[in-house]
Amino acid sequence: MNLSVKNANKLFRDGLRIGLLLQVGGIGPICMLVFRLSLSLPIAKLLVGIVGITLADVIYTGLAVLSISAIMKKIQGYQRIFDIVVGIALMVFGVLFITAGHVVDSNTFQGHDLFFWLFGLTIANPITILFITGIFSLEISKRNMNLKESGVFAFGFSLAAPIFLTFVASVGSLTGKIFPSVVIQIINTMMGFVLVFLGARNIFFKGKKKKLPEDV
């Protein structure tokens, strides 16, 4: 079945729009972590981490496009372990920002460390799994899209994360340059407590497993 340019453009725009709505409506620990890191890290270095986040999103989006529900259910079977791992990592970042936020600078992450940190946190993040595999799969089913149409929709959908997070990082970088160090330290502490809370919630209050949607 041929896909016209008009339909492809519409699917791309719809995918991007829904992706951006999910990014804004589902602001979570990864987004807050990116904002906090942007206060003290160069944008160029943080973009490497955003690539890691995007790659994790693309992997789950690709699985949703291919309707590989069995793999997703297998991943969901280990969700409790993911919750604990992500929770511990968020708490570590939170405590670091509370106790020594001022030392998180351009030398904190060397090489590809930030890429792997943010990729790992995103791919294990329950918000990523539920939002992408759940809502994206629902859209494929609702619109009755074939593989080619799903691919175009997924392309727009996947672009939402780097666009939104680059905007968040830019705002954070500008904030870090405008406000005095005492204000930045207050933000460090506040963000640290939020991350500790989110990490603790992941560990202690996420016992229930959520079901993925049926095969599309």
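See above for the structure.
Criteria and cut-off values
Residues numbered from 1 in each chain as written. Predicted model: local features only at pLDDT ≥ 70, side-chain atom pairs only at ≥ 80, totals over all residues. Heavy atoms only, no water. Helix = DSSP H or I, 4+ residues; strand = E, 2+ residues; numbered from the N terminus. Buried < 20%, exposed > 50% of the residue type's maximum accessible area, 1.4 Å probe, protein only. Contact = heavy atoms within 4.5 Å. Areas by Shrake-Rupley, 256 points an atom, 1.4 Å probe, with all protein chains shown as cover. Phe/Tyr/Trp six-rings, centres within 6.5 Å; stacked < 30°, edge-to-face > 60°. Salt bridge = Lys/Arg side-chain N within 4 Å of Asp/Glu carboxyl O. Expected span 1.5 Å × (residues − 1). Core = buried A, V, L, I, M, F, W, Y, C linked by side-chain atoms within 4.5 Å. Axes fitted to C-alpha atoms, helices over the stretch in contact; angles between N-to-C directions. Parallel < 35°, antiparallel > 145°, perpendicular 65-115°, else oblique. Left-handed = near helix turned anticlockwise from the far one by under 90°. Nonpolar A, V, L, I, M, F, W, Y, C, P; charged D, E, K, R; others polar.

**Student:** Describe in detail the overall build of the chain, supporting the description with residues and values.
**Tutor:** Of regular secondary structure, the chain possesses nine helices and zero strands. Across the chain, helices and strands are ordered from the amino to the carboxyl terminus as α-α-α-α-α-α-α-α-α. In the chain, which comprises 216 residues, the proportion classed as buried is 45%. Excluding contacts between residues fewer than 6 apart, the proportion of contacts in the chain whose partners are at least 24 apart in sequence is 89%. Accessible surface for the chain amounts to roughly 11,200 Å². Of this, 71% is attributable to carbon and sulfur atoms.

**Student:** Any details on the packing of aromatic side chains? Residues and values, ideally.
**Tutor:** Counting across every chain of the model gives four aromatic pairs. Their ring planes at 35° and their centres at 5.6 Å tell us that F12 and F155 sit as a pair that is tilted. Of the two residues, F12 sits in helix α1 (residues 5–25) while F155 sits in helix α8 (residues 147–178), which places them 143 residues apart along the sequence. By relative accessible area, which is 24% here, F12 ends up partly exposed. Of the residues examined, F155 reaches a relative accessible area of 51% and is grouped as exposed.

**Student:** Explain the pattern of salt bridges to me, and be specific about the residues and the numbers.
**Tutor:** Taken as a whole and judged by the stated rule, the model has two salt bridges. Measuring nitrogen to oxygen at the nearest pair gives 2.9 Å for the salt bridge that ties K10 to D14. Within this pair, K10 and its partner D14 are both found in helix α1, separated by four residues, close to a single helical turn. By relative accessible area, which is 43% here, K10 ends up partly exposed. For D14, a relative accessible area of 10% gives the class buried.

**Student:** Provide a residue-level description of helix α6 (residues 113–124), including the pertinent values.
**Tutor:** Here α6 spans 17 Å end to end across 12 residues, near enough to the 16 Å set by a 1.5 Å rise per residue. All of the buried residues in α6 are L114, F115, L118, L121, T122 and A124.

**Student:** Residues and numbers for the nonpolar core, please.
**Tutor:** In this structure, L33, V34, L37, L118, L121 and L165 are the most contacted members of the largest nonpolar core, which totals 30 residues. Breaking this core down by element, the ones donating at least two residues are α2 (29–38), α3 (43–65), α5 (79–100), α6, α8 and α9 (181–204). Of the residues forming this core, the biggest block, seven residues, is contributed by α2. Non-local contacts of L121, meaning those with residues more than four positions away in its chain, are made with I30, L33, V86, A89 and F93. With 14 residues, the next largest nonpolar core counts L22, Y60, V65 and A154 among its residues.

**Student:** Would you mind going over the side chain of S150 in detail, with residue names and values included?
**Tutor:** Relative to the elements of secondary structure, S150 occurs in helix α8. If sequence neighbours within four positions are ignored, S150 has contacts with V65, F136, I140 and M145.

**Student:** For the packing of α2 against α9, give the residues involved together with the corresponding values.
**Tutor:** Look at α2 against α9: their axes get within 11 Å of each other, and the N-to-C directions meet at 155°. By the angle between their axes, α2 is roughly antiparallel relative to α9. In this structure, α2 crosses over α9, and the sense of that crossing is left-handed. Between α2 and α9, the residues in contact are P29, M32, L33, F35 and R36 and I187, N188, M191, V194, L195 and L198, respectively. For the contact of α2 with α9, a count of residues per class yields nine nonpolar, one polar and one charged.

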